[in-house]
Amino acid sequence: MNPWNFLFIINIGFVAIIFLIHFNYTRKDFAANRIFSFFLFALGYTSLMIFLLSTRWMTRLPHFARTGNLVLYLIYPSAYLYINKILRQESWKKTDLLHCLPALLYLVDFFPYFIQDGETKRQKLIHDYTVDNVYIIRESWLFSHNFHFIFRMVLSLGYVAAMGKLWIETFYNNDNAEFRKENRSLMQWTLVLILMLCLAIVPFLVSYLFHIPLDLERMFIGLIYFTTVCFALFLFFKPEIIYGVKGLWVQPSSEPAPAPEIRTALPVELVEERGGSIIYLKEEIVQKLGEAIDQFLVNDKAFLKNGFSIADLSHAAGYPVHQISAFINNHLGMNFNEYVNRFRINYLLSQLEENKEWQNYTFEALAQKVGFNNRYTFLNAFKKVTGSTPSAYLKSRDEKLKGCFLE
């Protein structure tokens, strides 16, 4: 077997293993990780298509012909979305689907070819092999045969430039030395990824524009192999990169808006969390987090559920656990249990005022109705919020009501 083909087989298996590990063991609530899993899949699929073409096995599987170019259209958009979401800590947006438009254009352009039967595709492939132009796609019915090559290269360069701009804005233009130190692994990883993606374009574009004869097939194999080795080493030795940035610097407004009965106007500072690592939050994330959490807790009253956890809140609000934890600890000045318990106690107080039936329940029953696991936790939370025990609070309230009645 050709040694290059043997290397390609190893590379395809390598990409497949990385993809499976990443897909199964990374955080599924983090959009960037799902996108990177697809990026690895696209990289592996493209490698497989090149291997089938170079070994002429594509004639045995003709329906796979030209699908590699379709996936190539998705590699750089998926890399850009990954970089964008891992650096900006963003979730999925409907507008992200716009990045699929070039691939859709290719699919429409080659649709007449894709719907042909296998034997017709096989004969075309055999003809291409005889004239040594199997890598030149001629079945386009909307554009010239070299349109997609040039368009994809230019588009890919645009994505690389956009990724570079994001990287510079996040790390190079940021004068927060502590932030760069805490995110050094991610800074190195994203830079290597961007440089690799740039390196994968330039030789082919230069060769095409200046008619420089290069062994593009072997170059492509070598680049993919080298790239996947770098990815594997980073993922193995720097597993923390799958969690994204540990935060972004923030300059809070002087008077953050308080939430009903709960939020306090505490300054946003650095938060010590997860073994001493520092979490940062951008000011707009602070505002959006507060709105999303308040809307969910107030409208759905999920805090009444026994065992309600920060993971449940993260899933419902659509923000990573570490951001919600930093927001509650830092911006609100309390831990998650204190935060939820305040909602529970405030809800209990409102029910005691509005619903006379609740006044007949025991403290244990009241605790269970608002989500507490035991009497002790309920009493501590009640005293922390109101400043007194439930019995003292009710007695004081009754005396006030009696005094108002006598007046």
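The structure under discussion appears in the preceding block.
These lines cover the structure that appears in this document, whether it is placed above or below. All values reported here derive from a predicted model rather than from experimental measurement.

1. Describing the overall build of the protein chain
Secondary structure assignment for the protein chain yields 18 helices and 2 strands. A total of 407 residues make up the protein chain; the buried ones form 46% of that total. Residue pairs in contact within the protein chain that sit at least 24 positions apart in sequence constitute 73% of those at least 6 positions apart. Within the structure as shown, the protein chain displays about 21400 Å² of accessible surface, and the carbon and sulfur contribution to it stands at 62%.

2. A few points about a nonpolar patch on the surface
A surface patch of nonpolar side chains, about 660 Å² in accessible area, is lined by L98, L101, L104, L107, V108, W141 and L142. Within the secondary structure, L142 is located in the loop between α6 (118–130) and α7 (147–172). Using a relative accessible area of 41% as the deciding quantity, one classes L142 as partly exposed.

3. Focus on the packing of α7 against helix α10 (residues 202–210)
Contact geometry of α7 with α10 gives a least axis separation of 11 Å together with a crossing angle of 135°. Compared by their axis directions, α7 and α10 come out oblique. The way α7 lies across α10 gives a crossing that is left-handed. Within the contact between the two elements, α7 uses F149, I150, M153 and L157 and α10 uses F204, L205 and Y208.

4. Observations concerning the packing of aromatic side chains
The relative placement of two aromatic rings is captured by the distance of their centres and the angle of their planes. Tallying each qualifying case throughout the model produces 22 aromatic pairs. Between F36 and Y82, the ring centres sit 4.7 Å apart and the planes meet at 35°, which makes this aromatic pair tilted. With F36 in helix α2 (residues 31–54) and Y82 in helix α3 (residues 67–88), this residue pair connects regions lying 46 residues apart in the sequence. Y82 carries the same exposure label as F36, and that label is buried. Within the aromatic cluster, the residues linked to one another by ring pairs are Y73, Y106, F110, Y113, F114, F143, F147 and F151. In this structure, R152 is placed above the aromatic ring of Y73, and the distance from its NZ or CZ to the ring centre is 5.9 Å. When the ring centre of F372 is taken as origin, the NZ or CZ atom of R344, which lies over that ring, is 5.4 Å away.

5. Some details on the environment of A317
By the secondary structure assignment, A317 is in helix α13 (residues 310–317). On the basis of relative accessibility, which here comes to 15%, the residue A317 falls in the buried class. Considering only alpha carbons, one finds A317 and K288, 29 residues apart in sequence, at a separation of 10.0 Å. If we skip the residues at most four places from it in the chain, A317 touches A292, I293 and I324.

6. Considerations on the environment of L205
The topology assignment puts L205 in helix α10. Judged by its relative accessible area of 15%, L205 is buried. Counting along the chain gives 55 residues from L205 to I150, while the straight-line C-alpha distance between them is 7.8 Å. The residues touching L205, leaving out its near neighbours within four places in the chain, are M153 and L157.

7. Let's talk about the packing of α3 against helix α4 (residues 101–109)
The contact between α3 and α4 brings their axes to 8 Å, and the two run at 165°. Comparing the axis directions of α3 and α4 gives the class roughly antiparallel. In this structure, α3 meets α4 at a crossing whose hand is right-handed. Listed contacts from α4 to N69, L70, Y73 and L74 of α3 are P102, A103, Y106 and L107.

8. Notes on the pattern of salt bridges
Taken as a whole, this structure holds 7 salt bridges when the rule is applied. As a salt-bridge pair, E139 and R66 come within 2.9 Å of each other at their nearest N and O atoms. Residue E139 is located in the loop between α6 and α7, and its partner R66 is located in the loop between α2 and α3; the two are separated by 73 residues in the primary sequence. Here E139 matches R66 in class, with each residue buried.

9. Focus: unusual backbone geometry
Phi angles above zero are rare outside glycine, and R56 is one such case at about 65°. Here R56 lies in the loop between α2 and α3. A residue is classified by how much of its surface remains accessible, and R56, at 47% relative accessible area, is partly exposed. We note that K301 has phi near 50°; this positive angle belongs to a residue other than glycine. Its location among the elements puts K301 in the loop between α12 (283–300) and α13. A relative accessible area of 33% means that K301 is categorised as partly exposed.

Each value, and the rule that gives it
Residues numbered from 1 in each chain as written. Predicted model: local features only at pLDDT ≥ 70, side-chain atom pairs only at ≥ 80, totals over all residues. Heavy atoms only, no water. Helix = DSSP H or I, 4+ residues; strand = E, 2+ residues; numbered from the N terminus. Buried < 20%, exposed > 50% of the residue type's maximum accessible area, 1.4 Å probe, protein only. Contact = heavy atoms within 4.5 Å. Areas by Shrake-Rupley, 256 points an atom, 1.4 Å probe, with all protein chains shown as cover. Patch = residues over 30% accessible without salt bridge, like charges linked within 9 Å, V, L, I, M, F, W, Y side chains within 5 Å. Salt bridge = Lys/Arg side-chain N within 4 Å of Asp/Glu carboxyl O. Axes fitted to C-alpha atoms, helices over the stretch in contact; angles between N-to-C directions. Parallel < 35°, antiparallel > 145°, perpendicular 65-115°, else oblique. Left-handed = near helix turned anticlockwise from the far one by under 90°. Phe/Tyr/Trp six-rings, centres within 6.5 Å; stacked < 30°, edge-to-face > 60°. Lys NZ or Arg CZ within 6 Å of the ring centre and 35° of its normal.

Geometric values such as these leave the question of function open.
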